Amino acid sequence: VSEGTRPKLPWAKAVDLSPEQTFPLLDKLHGDPTRYVTRSVANHLNDLSKAVPDQVVSRLDDWRVGDAQAAKELDWMTRHALRTLVKSGHGGALNLLGYKADLPLDVSLNIRTPIVKIGEALAFSCSISSLSPVNLLVDYRIEFARPNGRIGKKIFKLKQGRAAPNAPLEVHKEHLLKTDATTFKWHAGTHKLVLQVNGVDRASAVFEVS
């Protein structure tokens, strides 16, 4: 039921139903004890989040109040269902997962390879400090240079962790500039790396691709 009514069904023709018609089905199914059912429910919600994001966040919040599903499984479903909204920095989704957007943070970003060749790795590091203990979800966005002047963008996961007084979250990363990437192609020019913390752009720096 959950899989067959998904609005963005990947393996067959989608059934044309509105969120108002499918939400009641998910209300009944989200408490199922089997992972293949709860995974489908979460994937269905992820599909819906692209059309009605606030309703998806509200529904998951309502399910937390009820007792149809074990807390641990519902936490997993919530993370899986909100993965697209988290990437886009949706405030309600991040708040539901325990990541506050309006935090006083000190964020530094250092690109260790300011000039990088296609086929090699972009190396960078970041440090995030806080005056109080906070949960952090750190992503990075690369804004790609294009020959036609348009900018392409792609978000990548980086780190989940905590920062506390005198205990900053420090991350080191090497991002390979693949020559055989299937979804985009690297071009020479000036690119930008943007550090996104709990859905908010906090720091950025440019690098050259040659």
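Use the structure listed above.
Everything numeric in this text was worked out from a predicted model, so none of it was measured.

Caption draft 1: Highlighting the overall build of the chain. Along the chain, the regular secondary structure elements total six helices and eight strands. For the chain, the succession of helices and strands along the chain, N to C, is α-α-α-α-α-α-β-β-β-β-β-β-β-β. Dimensions of the chain, computed from C-alpha atoms along their principal axes, come out at roughly 55 × 45 × 25 Å. Going through the 210 residues of the chain one by one, you find that 42% of them count as buried. Within the chain, contacts between residues separated by at least 24 positions form 63% of all contacts whose residues are at least 6 apart in sequence. Per element, the accessible surface of the chain, about 11,400 Å² overall, is 51% carbon and sulfur. The chain carries 29 positive and 22 negative side-chain charges, and their two centres are separated by 5 Å.

Caption draft 2: Focus on the nonpolar core. Core analysis: the largest hydrophobic core is formed by 30 residues, its most contacted members being L136, L195 and F207. Where this core is concerned, the elements lending two or more residues are strand 1 (105-111), strand 3 (121-130), strand 4 (134-145), strand 5 (151-163), strand 6 (169-176), strand 7 (189-197) and strand 8 (200-209). At six residues, the largest contribution of residues to this core is made by strand 4. Excluding its chain neighbours within four sequence positions, the residues that come into contact with F207 are I111, T113, P114, V116, L122, I142, W186, G189, T190, H191, K192 and L193. Ranked by size, the runner-up nonpolar core spans 23 residues in total, among them L26, L60, V86 and A93.

Caption draft 3: Structural context of unusual backbone geometry. Of note, the phi angle at N166 is positive, near 65 degrees, even though the residue is not glycine. For N166, the position within the fold is in the loop between strand 5 and strand 6. Backbone geometry at N198 places phi at a positive 50 degrees, although glycine is not the residue there. Position of N198 relative to the elements: it lies in the loop between strand 7 and strand 8.

Caption draft 4: Up close: the layout of surface pockets. By volume, the largest pocket amounts to about 290 Å³. Lining the largest pocket are 17 residues, and of these R79, L97, Y99, L137 and Q160 lie nearest its centre. Every element with two or more residues in the lining of the largest pocket is listed here: helix 4 (71-81), helix 5 (83-88), strand 4 and strand 5. Among the residues making up the lining of the largest pocket, the classes are represented as seven nonpolar, two polar and eight charged. Roughly 180 Å³ of volume is contained in the second largest pocket. K154, F156, H175, L176, K178, D180, A181, T182, T183, F184 and W186 are the residues that line the second largest pocket. At the level of elements, strand 5 and strand 6 are the ones that each hand at least two residues to the lining of the second largest pocket. Looking at the lining of the second largest pocket, its residues break down into five nonpolar, three polar and three charged.

Analysis parameters
Residues numbered from 1 in each chain as written. Predicted model: local features only at pLDDT ≥ 70, side-chain atom pairs only at ≥ 80, totals over all residues. Heavy atoms only, no water. Helix = DSSP H or I, 4+ residues; strand = E, 2+ residues; numbered from the N terminus. Buried < 20%, exposed > 50% of the residue type's maximum accessible area, 1.4 Å probe, protein only. Contact = heavy atoms within 4.5 Å. Areas by Shrake-Rupley, 256 points an atom, 1.4 Å probe, with all protein chains shown as cover. Lys, Arg positive; Asp, Glu negative; His and termini not counted. Charge placed at Lys NZ, Arg CZ, Asp CG, Glu CD. Core = buried A, V, L, I, M, F, W, Y, C linked by side-chain atoms within 4.5 Å. 1 Å grid on protein atoms, 1.4 Å probe; cavity = no way out; pocket = protein on both sides within 12 Å on 5 of 7 lines; lining within 4 Å. Points joined across faces, edges and corners; volume = space filled by probe spheres on them. Nonpolar A, V, L, I, M, F, W, Y, C, P; charged D, E, K, R; others polar.

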